[in-house]
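In case you want the letters, here they are:
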Amino acid sequence: MTTDVLIADLTVFVLAILLGFEVISRVPATLHTPLMSGTNSIHGIVLVGAIGLAATADDPLTGVLAFVAMAFAGANVVGGYWVTDRMLQMFKRRPAASTDKAVR
Amino acid sequence: MNASTIGHLVQLSFIAGAALFVIGLHLMNSPATARTGNRISATGMVIAIVAEVLFVIQGGLGLGNWVLLIGGLALGGGLGLRMARTVAMTSMPQLVSLFNAVGGAAAALLALNDFIALDGHRVLAGGVPGLDGWRTLFIIADVIIGSVTFTGSLIASAKLMGRIKGQPILIPGGRIFTWLLLVAALSVSIVMILAGAGVVTYDSHVLTLLLLAALACALIFGVTMVLPIGGADMPVVISLLNAFTGTAVAMAGFVVGNVVLIVAGALVGASGAILTRLMASAMNRSIANILVGGFGAAEGTQATLGSAGGTVREVSVDDAAIQLAYASKVVIVPGYGLAVAQAQHGVRELADLLEARGIDVSYAIHPVAGRMPGHMNVLLAEANVPYPQLKEMDEINPEFERTDVALVVGANDVTNPAARTDRSSPIFGMPILDVDKARSVIVVKRSMGRGYAGIDNALYVNPKTGMLFADAKRGLQELVAAVKAL
């Protein structure tokens, strides 16, 4: 790891934390569960790292590590986004039934 | 197109992914735009993943690697999808905990792989001076934080599922053991970082063993940290573990040199930290105090028992129905007991009846009314309660003075006025819903049993309060029938 890379990565890290605080402080308490499950799916981005791992695995040990990492991260991404969407579609301004009537 | 151009395009896709994560989270600031936000975030994820897949394909991929890639993704993705489709909303905390566990573990595996398979330990053994200390720091931080998250989240999830009991589990000497594990893991880390920086030199096998020792300590630490924590403290624990996972992923980003992992990890870490702080302050307890654990089991909390005094006034279903039906403003205060009794639909049915009579109905939601932050809102949304009726604590508290009837169902400690007035109370200073300021109060409750804090609730002996002794679900059904009959 060179000094340049380290400094660049640390810069991104610190700014992303500050940005995260700024953006997430605005999320209302009503949505804290979907927020948590939504950020949960975002950390499924480790899948990108796992793909790199699967691509370079060349012996049984790294093969097992890569397979488990792929499976874990895959479950995280797919399950996380799906369940967040399932929750968010339940939040309605008006009750489902009366909305239908209002449209007609 | 040459390899370096493709590399740059992949980097640009990662930046696009990171930007879409931020935009998606920003849209979570309102229930009206949140679903779009989540989809934008998912789009960012797909872009980053496709870019990485194209990148490794272009680099040449053996058959075995294809199998790992597709097999792992299909297995994990399939299981994740199945759980996401079938999970009950009441079980959401378990699922989030499980996703924390696998996310943290995957991050730790990246660092383990980097150390064992790549040149990690060989470089260290060579004693290359300088910045490799930093790299070691990120590797070991990723391994430790990821492993603690993995086992800690599995235990939290098992507790929430009822696989192991939710009450604080205290083992004699357990706390000291937990601290020793932490000290051991940190000592090993320091030795390894010094080796990475070239200050000390070790054989590569010794370094590998040291890393495995740190891994073992961290895995056990996760278990012993969460076991003593009680079920009602889970909102804090899940939030904290969420912050841990984010941090582990960011560390993994440093290790494998990928900016999108760093950004995503930092965002999740910030979110987890904010929620942890909110939950802890809503319980009026420090994070350290919760981690030390055993609130219900602690001594001293029994001291104020029986001091509330006064008499309890019981109210019949018919009287309660009349009170509700002739009010102009009703605030419903749901607690976790409501979810346990599966009475969300009952409460919504009652609210509909009251609204049909022209009564202004809203719900007062305490931040810890559930097993994870915001849990009660999801449960009520599932029962078709429109979200404009779901009011946060700060929003609803000034309205209680103008409220004719506050209907408390399955909530206890978060309505106890002792938190405002009684300095000797263990919950003194905890932010509560000011239910006692309403003109009248109806409490649906099975018995005079105490809440999580193990103390009496002064609200129940308030002359304005009528107690309706019933199971939440049956009590609400009876109220619905009685209001209909009016």
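A quick note: this is a predicted structure, and the numbers were derived from the prediction, not measured.

### Focus on the interface of chain A and chain B
The accessible area lost on association of the parts is a frequent measure of interface size. Each partner contributes residues to the interface: chain A has 81 residues there, and chain B has 98 residues. Every element with two or more residues in the side of chain A that touches chain B is listed here: α1 (3-24), α2 (32-42), α3 (46-56) and α4 (60-88) of chain A. Sort the elements by how many residues they give to the side of chain A that touches chain B and α4 of chain A lands first, with 27 residues. Considering only residue class, the side of chain A that touches chain B consists of 51 nonpolar, 23 polar and seven charged.

### A word on the nonpolar core
Counting 211 residues, the largest nonpolar core has Ala50 and Ala69 of chain A together with Leu110 and Val409 of chain B as its most contacted members. With 17 residues, the single largest contributor to this core is α4 of chain A. Those residues in contact with Ala50 of chain A that lie beyond four places of it in its chain are Ala66, Ala69, Met70 and Ala73 of chain A together with Ala106 and Leu110 of chain B.

### Considerations on the packing of α3 of chain A against helix α4 (residues 92-116) of chain B
Running from amino to carboxyl end, α3 of chain A crosses α4 of chain B at an angle of 35°, the nearest separation of the two axes being 10 Å. In this structure, α3 of chain A crosses over α4 of chain B, and the sense of that crossing is left-handed. Facing α3 of chain A, whose interface residues are Val46, Gly49, Ala50 and Leu53 of chain A, α4 of chain B presents Gly103, Ala106, Ala107, Leu110 and Asn113 of chain B. Tallied by class, the residues present in the contact of α3 of chain A with α4 of chain B amount to six nonpolar, three polar and no charged.

### Regarding the domain arrangement of chain B
Residues and elements named next belong to chain B. The domains assigned to chain B are domain 1 (1-86), domain 2 (91-298) and domain 3 (317-485). With seven residues of domain 1 at the interface, the matching set in domain 2 holds six residues. No other element matches helix α1 (residues 3-27), which puts five residues into the side of domain 1 that touches domain 2. The residue inventory of the side of domain 1 that touches domain 2, partitioned by class, reads six nonpolar, one polar and no charged.

What counts, and at which threshold
Residues numbered from 1 in each chain as written. Chains lettered and ligands numbered in written order. Predicted model: local features only at pLDDT ≥ 70, side-chain atom pairs only at ≥ 80, totals over all residues. Contact = placed C-beta atoms within 7 Å. Helix = DSSP H or I, 4+ residues; strand = E, 2+ residues; numbered from the N terminus. Nonpolar A, V, L, I, M, F, W, Y, C, P; charged D, E, K, R; others polar. Core = buried A, V, L, I, M, F, W, Y, C linked by C-beta atoms within 7 Å. Buried ≥ 20, exposed ≤ 12 C-beta atoms within 10 Å, placed from the backbone. Axes fitted to C-alpha atoms, helices over the stretch in contact; angles between N-to-C directions. Left-handed = near helix turned anticlockwise from the far one by under 90°. Domains from an automatic or database assignment.

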